[in-house]
Amino acid sequence: MADASDGNALIELERILDNIPDALPKMKQLDYLEKELRFYTSQLRDSIRGLKRDMTYTITHFCGNTKKRCHETMIEHSVLYIDTSTCLHLDEVPNTTVYVEAMEMIIKKRYNLIPKRALVRFNTIRDKIEEQMKHVGPPLKRNIATGHATFDDHALSIRNMIDAMISDIHLNTLRSAKTFDDVYEKFGADRRTINIICLTLIFIIIVILLTALVCGVGGYSRTHPGPSGFCSKGMAASCLLIAIILMFCVFSFIAMVGLFYFMIGLVTYEGACAPTTQAEKNELFRQLDAVIDMNRYLKPETEGDRFVMPPLHMSEAVRSCNANESIFQLLRANNIYDVNDLANVKLLPDEAESVPIFTEDLSNLDILTKEEKIQINEVRNSNLSSYHSLLYDSNMCLRLLNIDLEFLANDVLHEWATNKAVLKEDGRAFSYLHKYSALAYHQSFFLPVQRGMKKALKVVKEIDSLILYLNHDFSNSIQVLLEAIINAENFIKKRGAEYINNLGQNLTSAINEQVEEYLEMVITEANYKVGLCQPLAYIYYEGVYFVCSRLVDPINGFWLGILLCALLLLPALFVCHRLMCLYLKIYPAATAAAVGPIAGGCPICTGAPYVPHVPPRCGLEHDPDCQCAPCKVKGKGQKKSKRGRSRGGDAPEDAAPRQPVAEMTVVSEAPAPSKHKRD
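Residues numbered from 1 in each chain as written. Predicted model: local features only at pLDDT ≥ 70, side-chain atom pairs only at ≥ 80, totals over all residues. Heavy atoms only, no water.

As named in an unreviewed UniProt entry, the chain is Prominin-like protein, taken from Drosophila madeirensis. The Sequence similarities (unreviewed entry) comment attached to the chain in UniProt states, word for word, "Belongs to the prominin family." The UniProt entry for the chain carries this comment under Subcellular location (unreviewed entry): "Membrane". (UniProt positions renumbered as here; feature names shortened; annotations may be inferred.)

Okay, here's the thing in structure tokens:
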């Protein structure tokens, strides 16, 4: 009723009149500041005018040869207009003493009791409305309680469905986790030991091969048969032989382990990792996919409804779960539950139940009596009527002068007093006096005026908040509130009974509108903000990623590396054998190379050229290269030359002794073919 008839104006009028005692001390403070500002402002204005007069006299009579410069200085710093600021004139500021007296009069006559008595009379209407609402309230409360029970049933149904879905997902997750635990327990107990054995064997082979490669590249070559030294090519050949033996022994074991892990990794990958990318093409995933059958948890209305809803698969739930979707959209897409059906719920009937009609006469009700209205008008037309903070704001400003006094003293006047090119000696002396005068005026008058104005402007804002309404001045504030109270009184007299009778119907309609707004809010929040599927999908994909990265990927990575290593051992065997033959070659020294290559070894390993076998030639003439027995016998019977024999009959000193045939056999080069047919 107060909102419809502007009855709230009574509360605002009561606030203003009750705040008059609180505003009176502030108004007295403002009165003191106003009188003080008038005094200091007049003193500052007179001082600035005297300073301007003295500066003009000094610059006019004592300026030297630079009169143009003196005049430009006066014009540049606006010395002639230093006292023309409107802030120095407080003639338009209101006399605050009048406002103080008006407030004291309002407090003395106790005008603040007028709105209090009016509120008591206005509250009788409220009591009548409460009595009438007693007939409307019980049916509304009963309907609201019924609607509350309906919403509780829907909430319980939704909660059961979601709990059932989450429970089913949890159980299937546990079963899937148990499956992978079984895989890990059965095949993961000895996996670490087997992995260490395989890696150790491969590491030993790699170390031996690297040792052989280092010795073969940096070691010295063989120059004679027999054992080789440390870090030689012979040692490299021995290492390669050991590596070849280990490769033959290890190849079968590594290949068998790799094939075993290949089968385990393939099965686990098809069961855990492949469904996230190839679910439709994966037969194994379709067999292991979790089934969420909502028919087990929903209570069907009829017996035939049990077979209406198809089972909801976990893969389908995750596929339809996007970042901007909710669980309610998923339920609606699978024909399980539609949250939009809440819009069809009716809590209250469209037409209110019949209640007794209010027939009491309200035409004689007066909120304000005639005497009270006259008294309110006296308050409105009092000396306080013109008060507003704008009267002070428009006449009090902080820019009191066109130029700062400190700048004028420390820059302009100081330059005049110290620069001999500007003023004569007497003029410079006067400039010093003007400088100190300006500083004294700034300290004694300018700063107090600034502080007083800041304080006064703050006080008037506080008074406005206490006794004004909607930023009107005091007179208009009271008038606006009085007119609103009179309008409320007329509304109650003319339409009060009708308003009370329609209030029951309006209350029912208002509650229906609020219920509809609430249902729209619930539907919107459920579809877009409540029960988002993103966390569920995130948990699902994170679980799959965890299984793949911690269990499946290490297995697949291990068998891939092991089989690749086993395949690389096959070409490594041929390379090792070839390198071993190269390292076993004998590179004879210079003395042995002059005699010829050693016979009797492998041409590939020793590096000797291939020489076909030529039978010895034993004829009538002695062949010095022939080593057969007849040639040796014939050689002994020939005479020795005198030149080759000494006195004692010994052989010459430089004659080299022959090598024994048993110690070294040298294969001579094949003779060149003869041109004679006999040869």
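Caption draft 1: Quick peek at the UniProt feature "transmembrane region" (unreviewed entry) in the chain. Per the UniProt record, the feature "transmembrane region" (unreviewed entry) sits at residues 194-220, 240-264 and 557-576. For residues 240-264, helix accounts for 100% and strand for 0%, while the C-alpha atoms at its two ends are 35 Å apart. (Helix = DSSP H or I, 4+ residues; strand = E, 2+ residues; numbered from the N terminus.)

Caption draft 2: Region of interest: the state of the cysteines. Inspection of every chain in the model, using the stated rule, returns one disulfide. Bridging Cys-87 to Cys-397, the disulfide has an S-S length of 1.3 Å. On the S-S bond that ties Cys-87 to Cys-397, the torsion sits near -105°, and the link is left-handed. In this pair, Cys-87 sits in the loop between α3 (67-76) and α4 (96-109) while Cys-397 sits in the loop between α14 (390-393) and α15 (405-418), placing the two residues 310 residues apart along the sequence. Cys-198 provides the cysteine sulfur closest to Cys-565, a residue in no disulfide bond, and the two sulfurs are 9.4 Å apart. (Disulfide = S-S within 2.5 Å.)

Caption draft 3: Molecular detail of a negative patch on the surface. Together, Glu-513, Glu-516, Glu-517 and Glu-520 make up a negatively charged patch on the protein surface. Within the fold, Glu-517 resides in helix α17 (residues 474-528). (Patch = residues over 30% accessible without salt bridge, like charges linked within 9 Å, V, L, I, M, F, W, Y side chains within 5 Å. Areas by Shrake-Rupley, 256 points an atom, 1.4 Å probe, with all protein chains shown as cover. Salt bridge = Lys/Arg side-chain N within 4 Å of Asp/Glu carboxyl O. Lys, Arg positive; Asp, Glu negative; His and termini not counted. Charge placed at Lys NZ, Arg CZ, Asp CG, Glu CD.)

Caption draft 4: Summary view of α15. Taking 1.5 Å as the rise per residue, α15 with 14 residues should run 20 Å; its terminal C-alpha atoms sit 18 Å apart, in good agreement. Listed in full, the buried residues belonging to α15 are Leu-405, Leu-408, Ala-409, Val-412, Leu-413, Trp-416 and Ala-417. Structurally, α15 contributes buried residues whose contacts are with α2 (20-61), α3 and α16 (425-467). (Expected span 1.5 Å × (residues − 1). Buried < 20%, exposed > 50% of the residue type's maximum accessible area, 1.4 Å probe, protein only. Contact = heavy atoms within 4.5 Å.)

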